[in-house]
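# An overview of the molecular structure
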Amino acid sequence: GQHAAAPPPADAQAAGDGRDESRVRILFGTQTGTAEKFANQIAKALGEAYGEGVTPVVEDLEEYAFAGALAREAVALFVVATYGDGDPTDSAMEFDGWLTDCEVAGEAIFEGLQYGVFALGNTEYEHFCAFGKKVDRTLEQLGAERIVKRTDGDDSSCIEDDLDDWIVNLLAGLDKRGFAEKRVQSTNGAANEIVPAYDVVIAENCRDERKLSAYDRTGTSGGGSAGHTVSLALVDEVRELHSNLSERSCVHVVLNTNELNYEPGDHVAVVPENSEEIVQEAAKVLGVDLDTVFTLKQQEGNPHKLPSPFPGPVTLRTALKTFADLTASPRKSAFPALAAFATNQEEAQRLKFLCSADGKAEYKKCVLDCRMSLLELFQDFPSVKPTLGAFFASICPRLQPRYYSISSSPAMHPNKIHITAAVVDEVKPSGRPHKGVCTNWLKVQAPGAFALIHVRKSHFRLPSDPEVPVIMVGPGAGLAPFRGFLQERSTLQQKGHQLGPALLFFGCRSRKKDYIYEEELQQYLEDGVITELYTAFSRDQEEKDYVQHHLFANRDKVWAALNGGRKGVFYVCGEAAHMARDVHDALRDIVQHCQNCTAAEAENVVKALGDQGRYQKDIW
Ligand code: FAD
Ligand code: 2AM
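Now for a description of the structure that goes with this document. Each chain has its residues counted from 1, following the order in which its sequence is written. Labels follow written order: the first chain is A, the first ligand is 1, and so on. Given that this is a predicted model, residues contribute local features only at a pLDDT of at least 70 and side-chain atom pairs are listed and counted only at 80 or more, while totals for whole chains, interfaces and linings are drawn from all residues. Think of the side-chain values as coming from all heavy atoms in the structure, minus any hydrogens and water.

### Observations regarding the pattern of salt bridges
As a reminder of what qualifies: A carboxyl oxygen of Asp or Glu within 4 Å of a side-chain nitrogen of Lys or Arg is what we treat as a salt bridge. Strands here mean DSSP runs of E at least two residues long; helices mean DSSP runs of H or I at least four residues long; both are numbered from the N terminus. Throughout this description, buried means an accessible area under 20% of the type-specific maximum (1.4 Å probe, protein chains only), exposed means over 50%, and partly exposed covers the range between.
What the rule picks out here adds up to 40 salt bridges. One salt bridge in this structure joins D161 and K332, with 2.6 Å as the shortest N-O distance. With D161 in helix α5 (residues 159-179) and K332 in the loop between α8 (316-323) and α9 (335-340), this residue pair connects regions lying 171 residues apart in the sequence. The pair D161 / K332 is uniform in exposure class, with both members buried. The residue R371 makes a salt bridge to E426 at a minimum N-O spacing of 2.9 Å. With R371 in the loop between α11 (360-369) and α12 (374-380) and E426 in strand β15 (residues 425-427), the pair connects residues that are 55 residues apart, well separated along the chain. With a relative accessible area of 33%, R371 lands in the partly exposed category.

Below, the structure is given as structure tokens:
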């Protein structure tokens, strides 16, 4: 690797050894800002527990000089998210590489370091909290002392409760190691706590909307310090892919972009905007005119470290459209602030109860399970009228970009990026509707509209030799990256290359409703770009017919392609929670049958395929 494992600094070897014993370094790896927020919450809890006796220092792993500094810390806490297929966040990639090098070198370079890990992840994904687990394991192996048991925070339920529990354990761990004597008397500060807020500077005479919105055409996306540099693309085309018999919608979007390089299999992040309707509703809650121009500033001398505010000056309309996540559920940590702004005492009590220890079950039922959005909360608690500064600092999360598997190949469509987006328009368990922010925004864009995008490289790749067989499983919008693969193969074919076998398994509800790109696929089949096309229409008959059924029914062909003379590659793309798991099981069953082995042995074969890059997943 390129990151040489740093030898332990000489002064860190001696006992008592120049480490700053009161400093607690809190390192975060964040993709959407949650880990950063949690890191700040941990710093705050440490300050409340130990006052002057502790110096918590929060830092982004991306900015921390870990190679020289980590082994010298007294206490380091890691608040790290796992993203995609068990990967670290983009910002922690380099740290991950360095850690791997340290692990390989195997020297106990972290002796004397005390550490703890709070991992963030989602149990709906296969490699739950994989990165946090790795950090925890590696530090222990290399001599560091774990002072608090790792918690694997689960974002599919209440991850903030997981954090609260971990903080209790952390304080106990620190108390045991000499921090107990630093404890400050609890002043029950919660009662008169001030809601963290930005200062708001209103610009009186600034009405030039063009000038105002110029910044957000070149700046970073909504994710605070986790934001990427985004580029401007022009919308060329938006086209419905379902037939008019379908009750749902899936759109084909063509973006025109000059400077972005990508390969088939890469992802594009799209920065969405909230609809005018949503924006107006939010402005009503805030009681501020949408044309008001303002800038947010960090409050001077504010003890609460808030993420950098978004750049201004900006109209409230632009702020609500581009930076405010108004239709997701509010975080539990927003509830004390919401309660503080409730003028009706009953509402304030109820909000306080919902975020209390006793209110956990009620919170789960009314907020999480119902997927109550922030705007719905304001409807249900009409007396809550936050200030602008508190709204953006303590209540409303930043709107995040959404990722899409690019559904084109630059070889066939230079300077274009195609997206295949299944439009989210659903009724929530509470009976209230939810319109997906990004897909509904994409759906209504007209040719010539601007889109802010960013390309994210992936590991999802065609074999470099086009004669290597490929097996592609992509139901619904999961077809997206394979359309890119097929375009690439088609271009190669036209240049005179020989193509190996390509088996495509596609599934949707009904042949007549949502069989997307049907003509293209038929054409590729005729041309030999696809050699076998299997379709599963789940709702065209009584019994469910799914892609994995066709995989297993055609196991001999699948296995021959995967394990024949030219070792093939198996790909799956689409929904992670159910489909990808079932396809994984089908692959294992195929191995078991074709190799005549036990299920456990077959599972090992599948794992080995993954390690060799011959079983690749692009799942969401
Ligand atoms: P959102 O408003 O984000 O809502 C989407 C979903 O979130 C809802 O269906 C619901 O299940 C859930 N949800 C919403 N609100 C809540 C709540 N309060 N509580 C709990 N759950 C809630 N999609 C495609 O169509 N095509 C692709 O090619 C594609 N590729 C992807 C690649 C990657 C790497 C990733 C990570 C995702 C990909 N996705 C793809 C999914 C895509 O990023 C978006 O998640 C999807 O389009 C929905 O976005 P939205 O803003 O329209 O909906
Ligand atoms: P369904 O909605 O009828 O259950 C694309 O979304 C296709 O994937 C649909 O036909 C959908 O069928 C199907 N699908 C749903 N769950 C699946 C699973 N666990 N495995 C494979 N396909 C699934």
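Next comes the rest of the description.
### Thoughts on the environment of G18
When you line up the elements, G18 lands in the segment before β1 (23-29). Note: C-alpha distance between G18 and V288 (270 residues apart in sequence) is 53 Å.

### A closer look at the packing of α8 against helix α13 (residues 388-395)
So the rule is basically this: Only the stretch in contact is used when fitting a helix axis, every axis being a line fitted to C-alpha atoms; angles between N-to-C directions are given from 0 to 180 degrees. Oblique is the label for every angle not falling under 35 degrees (roughly parallel), over 145 degrees (roughly antiparallel), or within 65 to 115 degrees (roughly perpendicular). We call two residues in contact whenever any of their non-hydrogen atoms come within 4.5 Å of each other. Gly falls in the polar group here, along with every residue not listed as nonpolar (Ala, Val, Leu, Ile, Met, Phe, Trp, Tyr, Cys, Pro) or charged (Asp, Glu, Lys, Arg).
Running from amino to carboxyl end, α8 crosses α13 at an angle of 10°, the nearest separation of the two axes being 13 Å. Relative to α13, α8 is oriented roughly parallel. Packed against α8, whose contacting residues are L316, A319 and L320, the element α13 presents L388, F391 and F392 at the interface. Residue classes in the contact of α8 with α13 are distributed as 6 nonpolar, no polar and no charged.

### Topic: the site of ligand 1
Under the convention used in this document: Note on definitions. A residue lies near a molecule or strand when any single heavy atom of the residue is within 4 Å of it. Nitrogen and oxygen atoms within 3.5 Å of one another constitute a polar contact, given that in protein one can donate a hydrogen and the other can accept it, and given that sequence-neighbouring residues count only through two side-chain atoms. Values of accessible area rely on a 1.4 Å probe in the Shrake-Rupley scheme; residue burial ignores everything except the protein chains shown.
Surveying the vicinity of ligand 1 reveals 21 residues, the closest of which are Y403, Y404, T420, C438 and T439. Contact between ligand 1 and H434: an oxygen atom at 3.0 Å from a side-chain N or O atom of the residue. Summarising the interface, the protein chains cover 74% of the accessible area of ligand 1, which totals 960 Å² for the free molecule. For the shell around ligand 1, the secondary-structure elements that each account for two or more residues are β13 (402-405), β14 (416-422) and α14 (437-443). Of all the elements, β13 adds the most residues to the shell around ligand 1, at 4 residues. Grouping the constituent residues of the shell around ligand 1 by class yields 11 nonpolar, 7 polar and 3 charged.

### Some thoughts on the sheet that holds strand β7 (residues 199-203)
Hydrogen bonding along the main chain pairs the strands of a sheet, whether they run parallel or antiparallel. Selection rule: Pairing between two strands requires that DSSP report at least two bridges joining them.
What the 3 strands build is an open sheet, ordered β7-β11-β12; its pairing is antiparallel. The sheet terminates laterally at β7 and β12 (314-315), the two strands that pair on one side only. The pairing of strand β11 (residues 293-297) with β12 spans 2 bridges and is antiparallel. Its bridge partner being in β12, F294 is matched across the sheet by V314.

### Let's talk about the environment of Q299
Along the chain, Q299 falls in the loop between β11 and β12. Given a relative accessible area of 30%, Q299 falls into the partly exposed group. For the pair formed by Q299 and V200, sequence separation is 99 residues and the distance between their alpha carbons is 9.1 Å. Beyond its immediate sequence surroundings of up to four residues, Q299 is in contact with A197, Y198 and D199. Polar side-chain contacts of Q299 include one of 3.5 Å to the side chain of D199.

### Brief notes about the environment of F391
One can find F391 in helix α13. Take F391: its relative accessible area is 2%, and that puts it in the buried class. F391 sits 361 residues away from T30 along the chain, and the two C-alpha atoms are 22 Å apart.

### Considerations on the packing of aromatic side chains
Put simply, the rule is: Stacked, edge-to-face and tilted labels apply to pairs of Phe, Tyr and Trp rings (six-membered ring for Trp) whose centres lie within 6.5 Å, assigned for plane angles under 30 degrees, over 60, and everything in between, in that order. By definition, being over a ring means that NZ of Lys or CZ of Arg is both within 6 Å of the ring centre and within 35 degrees of the ring normal.
Taken as a whole, this structure holds 26 aromatic pairs when the rule is applied. With centroids separated by 5.1 Å and ring planes inclined at 40°, the aromatic side chains of F66 and W98 adopt a geometry described as tilted. A residue pair is termed long-range when its members are at least 10 positions apart, and F66 in helix α2 (residues 66-69) and W98 in helix α3 (residues 93-105) qualify at 32 residues. With a centroid separation of 6.3 Å and 65° between ring planes, the pair formed by F482 and Y571 is classed as edge-to-face. Taken together, the residues F482 in helix α15 (residues 480-494) and Y571 in strand β21 (residues 569-574) connect sequence positions 89 residues apart. By the burial criterion, F482 is buried, and Y571 matches it. Among the aromatic residues, those joined into a cluster by ring pairs are F294, F310, F323, F378, F391 and F392. When the ring centre of F179 is taken as origin, the NZ or CZ atom of K182, which lies over that ring, is 4.1 Å away. In this arrangement the basic side chain of R456 is found over the ring face of Y403, its NZ or CZ atom lying 5.4 Å from the centre.

### Quick word on the pairing of strand β3 (residues 75-83)
For a regular strand, the rule is simple: side chains alternate between the two faces of the sheet. Across the 9 residues of β3, 8 count as buried, placing the element largely inside the fold. Across 6 bridges, β1 lies against β3 in parallel orientation. Note on β3: the bridge partner recorded for F28 is V79. With 7 bridges joining them, β3 and strand β5 (residues 114-121) adopt parallel strand pairing.

### Describing helix α18 (residues 555-563)
The following threshold applies: Note that the arc is defined by the directions from the helix axis to the C-beta atoms.
Of the positions making up α18, those classed as buried are V558, W559, A561 and L562. For α18, the angular spread of the buried residues around the axis is 160°, confining them to a single face. On its buried face, α18 sits against β18 (470-473), β19 (502-508), α17 (547-553), β21, α19 (576-595) and α20 (599-611).

### Digging into the site of ligand 2
Around ligand 2, the structure places 13 residues, and the nearest of them are S538, R539, K544, Y546 and D582. The contact in question runs from an oxygen atom of ligand 2 to an N or O atom on the side chain of R539, over 2.7 Å. K544 places a side-chain nitrogen or oxygen 2.7 Å from an oxygen atom of ligand 2. Protein chains shield 78% of the accessible area of ligand 2, which is 490 Å² for the free molecule. Secondary-structure elements contributing two or more residues to the shell around ligand 2 are β19 and α19.

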